[in-house]
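Structural overview for review
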Amino acid sequence: MSGTSPNSSSPEAAARLPLFYRDAQLLSSIDHASWRLKRGDASFASAAPAVPIVVGEFQAALRNFPILFAQGGSEVGPIALLGLEQANLFVKDGKWAEGAYVPAYVRRYPFGFMAHPQGFALAIDVASERVAKGGEEGDALFTGGEPSNVTKQALDFCHAYREEAATTAEFCRALRTQDLLTDRRADATLPSGHKVGIDGFQIVDAQKFAQLDDKHVLEWHRKGWLSLVHFHLASLERFEDLLARRSARDR
């Protein structure tokens, strides 16, 4: 359930729980037999300036967000930049901006996968406001001791996300092996005179990418990785859109 984001003051990601999660527990038909999932909004993501994404989302995400790469432990992973400070510019009054893409990392919450001795299993953040430890409000997580449709759908979604995450990690390792990632920071002054900036992220060096040897070009073409790099580079134009969104909040 890992998640990383760029930092407005430091290039190093701090060790912490995965983004959004405060008390993740493996789901159990015994311990959580009477628990329910209530409807909720996107308020939990309102303070997130970035969220992890997987490669299958690049094409959809580039319409709204810069796609960057950030360090998380010993690995580098792609993120969608949602704000220029410690705030998500796509959430207002608990609602995600109409027409804007909602990353899968956001959509899967409060569920996720956790490691256990036998592999990975479905977990839920019991600290989420959507989790009810009884009562009648919301949808049951278990019915007759078996996972409900809500839980089955969450399991399928999280399983697909984990598979995509593995493919994403392979792609990122290839970028690092070919030394294509370079450190960057972004600074801007808003019309109000307020200065904003972020650092702690990387982008693909377009010049180095253009010099990729024929062997790797063919290999990456077959894997679909060339298009991923182009999606990433095209997404960098969305920085201007973020500035416009940030400026609009000052009005």
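Before reading on, note that the structure itself is shown above.
Bear in mind the structure is a predicted one, so any value in this text is a computation, not a measurement. The written sequence of each chain sets the order in which its residues are numbered from 1. Where totals are concerned, whole chains, interfaces and linings use all residues; where local detail is concerned, this predicted model gives features only for residues with pLDDT of at least 70, and gives and counts side-chain atom pairs only at 80 or more. Note: side-chain values were computed over all heavy atoms of the structure, leaving out hydrogens and water.

Here we look at the sheet that holds strand β9 (residues 119–125)
Going by this rule: When DSSP finds at least two bridges between two strands, those strands are taken to pair. Counting from the N terminus, the helices are the DSSP runs of H or I reaching at least four residues and the strands are the DSSP runs of E reaching at least two. Interaxial angles span 0 to 180 degrees and are taken between N-to-C directions of axes, which are lines fitted to C-alpha atoms, for helices over the stretch in contact. Contacts are assigned to residue pairs that have any heavy atoms within 4.5 Å of one another.
Taken in spatial order, the 3 strands of this open sheet run β1-β9-β8, and their pairing is antiparallel. Edge positions in the sheet fall to β1 (24–26) and β8 (111–116), since each has one partner strand and no second. Each adjacent strand pair in this sheet contributes to an overall mean axis angle of 45 degrees, direction not counted. Note that β8 and β9 share 6 bridges and pair antiparallel. Each residue of the ladder has a partner; that of Ala115, found in β9, is Phe120. Of the strands in this sheet, β8 and β9 are in contact with helix α3 (residues 149–177), which crosses β8 at around 65 degrees.

What about the side chain of Asp199?
Our working definition: Partly exposed describes any residue whose relative accessible area lies between the buried limit of under 20% and the exposed limit of over 50%, with all areas from a 1.4 Å probe on protein chains only and scaled to the type maximum. Two N or O atoms form a polar contact when they lie within 3.5 Å of each other; inside protein one atom must be a possible hydrogen donor and the other a possible acceptor, and for residues adjacent in sequence the pair counts only when both atoms belong to side chains.
Counting through the fold element by element, Asp199 comes out in strand β15 (residues 195–204). Looking at Asp199, the relative accessible area reads 13%, which means it is buried. A polar side-chain atom of Asp199 sits 3.2 Å from a polar atom in the side chain of Arg185.

So, the pairing of β15
In terms of residue burial, β15 counts as a mostly covered element, since 9 of its 10 residues are buried. Pairing between strand β14 (residues 181–189) and β15: 8 bridges, direction antiparallel. Bridge pairing links Arg184 to Phe201 in β15. Linking two consecutive strands that pair antiparallel, namely β14 and β15, is a turn of 5 residues; a positive phi of about 95 degrees is found at Gly193 within it.

Some points on the pattern of salt bridges
Between side chains of opposite charge, a pair can form when the charged atoms approach closely. Defined as follows: When a carboxyl oxygen of Asp or Glu lies within 4 Å of a side-chain nitrogen of Lys or Arg, that pair is called a salt bridge.
Applying the stated rule across the entire model yields 8 salt bridges. Of the charged contacts, one joins Asp187 and Arg185 as a salt bridge, the two residues approaching to 2.6 Å between their closest N and O atoms. Asp187 gets classed as exposed once you look at its relative accessible area, which sits at 53%. With a relative accessible area of 46%, Arg185 lands in the partly exposed category. One salt bridge in this structure joins Asp199 and Arg185, with 3.2 Å as the shortest N-O distance. Of this pair, Asp199 sits in strand β15 while Arg185 sits in strand β14, placing them 14 residues apart in sequence. Residues participating in the shared-partner salt-bridge network are Glu170, Glu219 and Lys223.

Some thoughts on the sheet that holds strand β10 (residues 131–132)
Ordered in space as β10-β2-β11, the 3 strands form an open sheet in which the pairing is antiparallel. The outermost strands of the open sheet, each flanked by one partner alone, are β10 and β11 (139–140). One ladder, built from 2 bridges, connects strand β2 (residues 36–37) with β10; its direction is antiparallel. Considered in β10, the bridge of Arg36 is made with Ala132.

A closer look at the nonpolar core
As a reminder of what qualifies: Here the nonpolar core consists of buried residues drawn from Ala, Val, Leu, Ile, Met, Phe, Trp, Tyr and Cys, with membership extended through side-chain atoms lying within 4.5 Å.
One finds Phe20, Phe90, Trp96, Phe171, Leu175 and Trp220 to be the most contacted residues of the largest nonpolar core, which totals 61 residues. Other than its neighbours up to four places away in sequence, Phe20 contacts Phe44, Ala45, Ala48, Val51, Tyr105, Val106, Tyr109 and Asp125. One finds Leu37, Val126, Ala154 and Cys158 within the second-largest nonpolar core, a separate group that totals 13 residues.

Overview of unusual backbone geometry
At the junction of Tyr109 and Pro110, the peptide bond is cis and its omega measures out at 15 degrees in the coordinates. The topology assignment puts Pro110 in the loop between α2 (104–108) and β8. Even without glycine at this site, Phe20 takes up a positive phi of about 85 degrees. With respect to the helices and strands, Phe20 occurs in the segment before β1. Phi is positive for Asp93, which is not a glycine, with a value near 55 degrees.

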